[in-house]
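# Examination of the molecular architecture
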Amino acid sequence: MATPDTTSESAPADRSAPRPGSGPVLRLRDVGWTVGGATIVDSVSFDVHDGEFLAFIGPNGAGKTSLFNLVSGINPVSRGSIALDGADITREAAYARARRGLGRTFQTSSLWPGMTVADHVELAAQAAEGGSYRVWRRADGYPRQVADVLARTELAHRAGTPADVLSHGEKRKLELAVLLVGEPRLMLLDEPMAGVSAEEVPALTELIRSLHRDEGRTVLMVEHHMDVLLDLADRLAVMHHGTLLALDRPQAVMDDATVQRAYLGEGL
């Protein structure tokens, strides 16, 4: 079985290796969440290193999104500890974690239908600047930072378009743009391909790949498209009834007999 590995040596030796003298970007130790006597997340421990892409798989109810909620501060942990860049954030509020550089997207789009693409990104930029947003404006009228993010996410041509008329793939790109304008240290992406048409999946996959490999973003992602995850991930984590069943290189996890037995017929 591919036993979950939480040591610093578990980081991939190439782009995922920690910088000399640096610890993990994210460290979880014995993290658990219990609600009404039911254990939703149970004793999860792992490290994520600078520039690493860690993907999570498992059927519905395995605890993947619940784990993301604990890491991002939406729900409080019942036990254990969470550290971001060596700082204990276990009891910090979600907004405080965001200010430290932890960014998060969700399974369901949370965009404002009446607002344009550029309005969403500019509002996010203002929030990242603490409500006071002062940058040089470009000739097109958008702040430089907003225009740059729209270009990076291939949404510049949709800047003046209301969010409600975007395709699902474009909405996912806009969610990434809103996240990126705050220059997150760590990105948590919860099923970014949900609702996206098959035709739009490759472009969205390439955008996420670029953010990781070209910009060096550290990424944690939950996704049910296994072909996407196997193409992007440095390591693959398997959640099973709230526990971390396996954590290893993608092929090692997929070849693991215990993983195969646990999920036979469950659509991994």
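Structure: above.
Values in this document were obtained by computation on a predicted structure and should not be read as measured data.

### Some remarks on the side chain of threonine 90
Secondary-structure assignment places threonine 90 in the loop between strand 5 (87–88) and helix 2 (94–99). For threonine 90, a relative accessible area of 7% translates into the label buried. In terms of polar contacts, threonine 90 uses its side chain to reach the side chain of aspartate 88, at 2.5 Å. Discounting chain neighbours no more than four positions away, the residues touching threonine 90 are Val77, Gly80, Ser81, Ile82 and Arg97.

### Some remarks on the packing of helix 3 (residues 117–128) against helix 4 (residues 144–152)
Packed helix pairs are characterised by how far apart their axes lie and by the angle those axes make with each other. Running from N to C, helix 3 and helix 4 cross one another at 125°; their axes reach a closest spacing of 9 Å. When the axis of helix 3 is compared with that of helix 4, the two are oblique. Regarding helix 3 and helix 4, the two cross each other, and that crossing is right-handed. Within the contact between the two elements, helix 3 uses Val117, Ala118, Val121, Glu122 and Ala125 and helix 4 uses Val146, Val149 and Leu150. By residue class, the composition of the contact of helix 3 with helix 4 is seven nonpolar, no polar and one charged.

### Describing helix 1 (residues 64–72)
Given 3.6 residues to a turn, an α-helix orients residues that are three or four positions apart in the same direction. Of all the nine residues making up helix 1, eight are buried; the element is thus mostly covered by neighbouring parts of the structure. Among the residues making up helix 1, those that are buried are Lys64, Ser66, Leu67, Phe68, Asn69, Leu70, Val71 and Ser72. The positive-phi residue at the C-terminal boundary of helix 1 is glycine 73, with phi of around 90°.

### Examining the sheet that holds strand 1 (residues 26–35)
Pairing between the strands of a sheet is mediated by backbone hydrogen bonds and can be parallel or antiparallel. Taken together, the four strands give an open sheet; going across it, the order is 2-1-4-5, and neighbouring strands pair in antiparallel fashion. Two strands in the sheet have a free side with no partner beyond their single neighbour: strand 2 (38–48) and strand 5. In the sheet, strand 1 pairs with strand 4 (residues 79–84) via five bridges, with the strands oriented antiparallel. By the bridge assignment for strand 4, leucine 28 is matched with isoleucine 82. Relative to the sheet, helix 1 contacts strand 1, strand 2 and strand 4, its axis offset from that of strand 1 by approximately 115°.

### Description of the layout of surface pockets
Computed from the structure, the largest pocket encloses a volume of approximately 970 Å³. Ala98, Gly103, Arg104, Val178 and Leu179 are, among the 29 residues lining the largest pocket, the residues nearest its centre. With five residues, helix 3 is the single largest residue contributor to the lining of the largest pocket. Tallied by class, residues from the lining of the largest pocket come to 16 nonpolar, nine polar and four charged.

### Here's the deal with the pattern of salt bridges
Scanning the entire structure with this criterion turns up 17 salt bridges. We note a salt bridge from aspartate 50 to arginine 185, for which the minimum N-O separation is 2.8 Å. Remark: arginine 185 occurs in the loop between helix 5 (168–180) and strand 7 (186–190) and aspartate 50 occurs in the loop between strand 2 and strand 3 (53–57); sequence separation between them is 135 residues. For aspartate 50, a relative accessible area of 15% corresponds to the buried category. A salt bridge links glutamate 92 to arginine 100, with the shortest nitrogen-to-oxygen separation between them at 2.7 Å.

### With respect to the packing of aromatic side chains
For the structure shown, the criterion picks out two aromatic pairs. Consider the rings of phenylalanine 56 and phenylalanine 68, whose centres lie 5.8 Å apart with planes at 85°: the pair is edge-to-face. Residue phenylalanine 56 is located in strand 3, and its partner phenylalanine 68 is located in helix 1; the two are separated by twelve residues in the primary sequence. Note on accessibility: phenylalanine 56 and phenylalanine 68 belong to one class, buried. In this structure an aromatic cluster arises from ring pairing among Phe46, Phe56 and Phe68.

### With respect to the nonpolar core
Ranked by size, the top nonpolar core spans 45 residues in total, and within it Leu174, Ile208 and Met221 carry the most contacts. In this structure leucine 174 touches Leu111, Val117, His120, Val121, Leu155, Ala163 and Leu166, once residues within four positions along its chain are discounted. Ranked by size, the runner-up nonpolar core spans 29 residues in total, among them Leu54, Ile82, Leu244 and Leu247.

Quick notes on the rules
Residues numbered from 1 in each chain as written. Predicted model: local features only at pLDDT ≥ 70, side-chain atom pairs only at ≥ 80, totals over all residues. Heavy atoms only, no water. Helix = DSSP H or I, 4+ residues; strand = E, 2+ residues; numbered from the N terminus. Buried < 20%, exposed > 50% of the residue type's maximum accessible area, 1.4 Å probe, protein only. Polar contact = N/O pair within 3.5 Å; in protein donor to acceptor, adjacent residues only side chain to side chain. Contact = heavy atoms within 4.5 Å. Axes fitted to C-alpha atoms, helices over the stretch in contact; angles between N-to-C directions. Parallel < 35°, antiparallel > 145°, perpendicular 65-115°, else oblique. Left-handed = near helix turned anticlockwise from the far one by under 90°. Nonpolar A, V, L, I, M, F, W, Y, C, P; charged D, E, K, R; others polar. Pairing = 2+ DSSP bridges. 1 Å grid on protein atoms, 1.4 Å probe; cavity = no way out; pocket = protein on both sides within 12 Å on 5 of 7 lines; lining within 4 Å. Points joined across faces, edges and corners; volume = space filled by probe spheres on them. Salt bridge = Lys/Arg side-chain N within 4 Å of Asp/Glu carboxyl O. Phe/Tyr/Trp six-rings, centres within 6.5 Å; stacked < 30°, edge-to-face > 60°. Core = buried A, V, L, I, M, F, W, Y, C linked by side-chain atoms within 4.5 Å.

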